[in-house]
Amino acid sequence: MINLFTLHPDFLPMLVIKNISDLKSLIRTQKEAGKTIGFVPTMGALHAGHLSLVEEAGRQTDFVVVSIFVNPTQFNDPSDLEKYPRTLEADAKLLEASPCQAIFAPDIATMYPKPDTRQFNFGELERVMEGRFRPGHFNGVAQVVSKLFDIVEPHKAFFGQKDFQQLVIVKAMVKQLTLPVEIIACPIIREESGLARSSRNERLTAEQRENAALIYKTLCEARNQVPGQSVKTIKNMVVETINANPFLETEYFEIVNDTDLTSVNDWDEPVNKVACVAVFCGEVRLIDNLVLAEKIN
Ligand code: AMP
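**A closer look at the overall build of the protein**
Secondary structure assignment for the protein yields 10 helices and nine strands. Here the C-alpha atoms of the protein give a radius of gyration of 20 Å, agreeing with the 19 Å that 2.2 N^0.38 yields for 297 residues. In terms of overall dimensions, the protein has C-alpha extents of about 65 × 40 × 35 Å along its principal axes. A buried classification covers 54% of the 297 residues belonging to the protein. In the protein, 71% of the contacts between residues at least 6 apart in sequence involve partners at least 24 apart. About 14,200 Å² of surface is accessible on the protein, with carbon and sulfur atoms providing 51% of the total. The average position of the 31 basic charges and that of the 39 acidic charges among the side chains of the protein differ by 3 Å.

Shown next, in the form of structure tokens:
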């Protein structure tokens, strides 16, 4: 018998499962009935970006599980962890109108009964961009995603291209651990202004949010200048344009090869070229990326 934990049993029929064995037995039943399992890992504070992943999971699989867990091991900044929005009730409500059939919302002791001491090695993939400025972040991501995959055993898991480097690392982890899950990449969902949707946008003032739209605008401007301008000129243009806005400060801007994340130096290189940026808007750190040029065969 599944011990269901529901927030508002009267008007929230969505399954919110806190416990690993309950989730496993629910999934086992679904698999025995021949259903494929789709999985969308999140940290909650759900928005249209997350929902697009859930919709895609609904299109591609029969039974969709969404996890909501603010994973402490991937935060290198304790104040970021503390300020991360936690809105489980609203999230469950949003998922009601989606193809999600079960929410897995474990607490920290459930996910980490003992400290996770595993050290992954992703080589250069974890030393650039986010990895460089958030040491330990991807190790924490790999810890939690591998645990979640172990619990859910999904056929397919859905990740947003918004966290482009995370997607590359998760694919590398699946290969390293030879996990039987297919990773599906989903496009970035943006606000009307072009700002990539993020749970962190809620921490911006109206004025900051308006100014943060410059990030995407500048990435589009960079794309427009390919291949006429050199990689170096475009890099300088992006950083100067963003930093000229008094609300914004670039932490890094890189143009990388989308498979091994090495820097692109020339537009002629036969690789997909992705522009990746991290920008502080006040205390809020925003990331975004855009494909500047596809591989020419
Ligand atoms: P998070 O809750 O921030 O850990 O994100 C959970 C998943 O949602 C990750 O795979 C993210 O890449 C994805 N995601 C977050 N924001 C967006 C967005 N604006 N568009 C598409 N996917 C997103």
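We are not done yet, so read on.
**A closer look at the sheet that holds strand β1 (residues 15-17)**
Within the open sheet, the six strands sit side by side as β1-β4-β3-β2-β5-β6. Their pairing is parallel. Edge strands, defined here as strands with exactly one partner in the open sheet, are β1 and β6 (182-186). Between one strand and the next, the sheet's axes are offset by a mean angle of 25°, whatever the strand orientation. Here strand β2 (residues 37-42) pairs with strand β3 (residues 63-68) via six bridges, running parallel. By the bridge assignment for β3, Val-40 is matched with Val-66. This element, helix α4 (residues 88-96), spans β1, β3 and β4 (100-104) of the sheet and lies at about 165° to β3.

**Let's talk about the sheet that holds strand β9 (residues 284-293)**
Ordered by their spatial adjacency, three strands build an open sheet running β7-β8-β9, and the pairing between neighbours is antiparallel. Looking at the sheet topology across the chains shown, the edges are occupied by β7 (248-257) and β9. Each strand axis lies, on average, 15° off the axis of its neighbour in the sheet, ignoring direction. Bridging between strand β8 (residues 273-281) and β9 involves nine bridges; their strand directions are antiparallel. For Lys-273, the partnering residue across the bridge sits in β9 and is Ala-293. The sheet strands contacting helix α10 (residues 231-243) are β7 and β8, and the helix crosses β7 at an angle near 155°.

**Looking at the packing of helix α7 (residues 137-152) against helix α8 (residues 164-176)**
Close contact between α7 and α8 brings their axes to 10 Å; oriented N to C, the two are set at 55°. Judged on the interaxial angle alone, α8 and α7 are oblique. Seen from above, α7 lies across α8 with right-handed handedness. Along the contact surface, α7 presents Phe-138, Val-141, Ala-142, Val-145, Ser-146 and Phe-149, while α8 presents Gln-165, Gln-166, Ile-169, Val-170, Met-173 and Val-174. Of the residues in the contact of α7 with α8, the class split is nine nonpolar, three polar and no charged.

**Re the domain arrangement of the protein**
Annotation of the protein at the domain level lists domain 1 (2-186) and domain 2 (199-293). Distance between the C-alpha centres of domain 1 and domain 2: 27 Å. Contacts between the two partners involve 21 residues from domain 1, matched on the other side by 18 residues from domain 2. Together domain 1 and domain 2 conceal approximately 1,700 Å² of surface at their shared face, both sides included; 58% is due to carbon and sulfur atoms. For domain 1, the biggest contributors to the area lost against domain 2 are Met-129, Phe-133 and Phe-164; these three give 34% of the whole. Applying the counting criterion to the domain 1 and domain 2 interface returns four salt bridges. Two residues, Lys-83 and Glu-283, come together in a salt bridge whose shortest N-O distance is 3.3 Å. Counting only elements with at least two residues in the side of domain 1 that touches domain 2, the list comes to α3 (78-83), α6 (130-133) and α8.

Definitions and cut-offs
- Residues numbered from 1 in each chain as written.
- Predicted model: local features only at pLDDT ≥ 70, side-chain atom pairs only at ≥ 80, totals over all residues.
- Heavy atoms only, no water.
- Helix = DSSP H or I, 4+ residues; strand = E, 2+ residues; numbered from the N terminus.
- Rg over C-alpha atoms; globule rule 2.2 N^0.38 Å.
- Buried < 20%, exposed > 50% of the residue type's maximum accessible area, 1.4 Å probe, protein only.
- Contact = heavy atoms within 4.5 Å.
- Areas by Shrake-Rupley, 256 points an atom, 1.4 Å probe, with all protein chains shown as cover.
- Lys, Arg positive; Asp, Glu negative; His and termini not counted.
- Charge placed at Lys NZ, Arg CZ, Asp CG, Glu CD.
- Pairing = 2+ DSSP bridges.
- Axes fitted to C-alpha atoms, helices over the stretch in contact; angles between N-to-C directions.
- Parallel < 35°, antiparallel > 145°, perpendicular 65-115°, else oblique.
- Left-handed = near helix turned anticlockwise from the far one by under 90°.
- Nonpolar A, V, L, I, M, F, W, Y, C, P; charged D, E, K, R; others polar.
- Domains from an automatic or database assignment.
- Buried area = accessible area lost by both parts, 1.4 Å probe.
- Salt bridge = Lys/Arg side-chain N within 4 Å of Asp/Glu carboxyl O.

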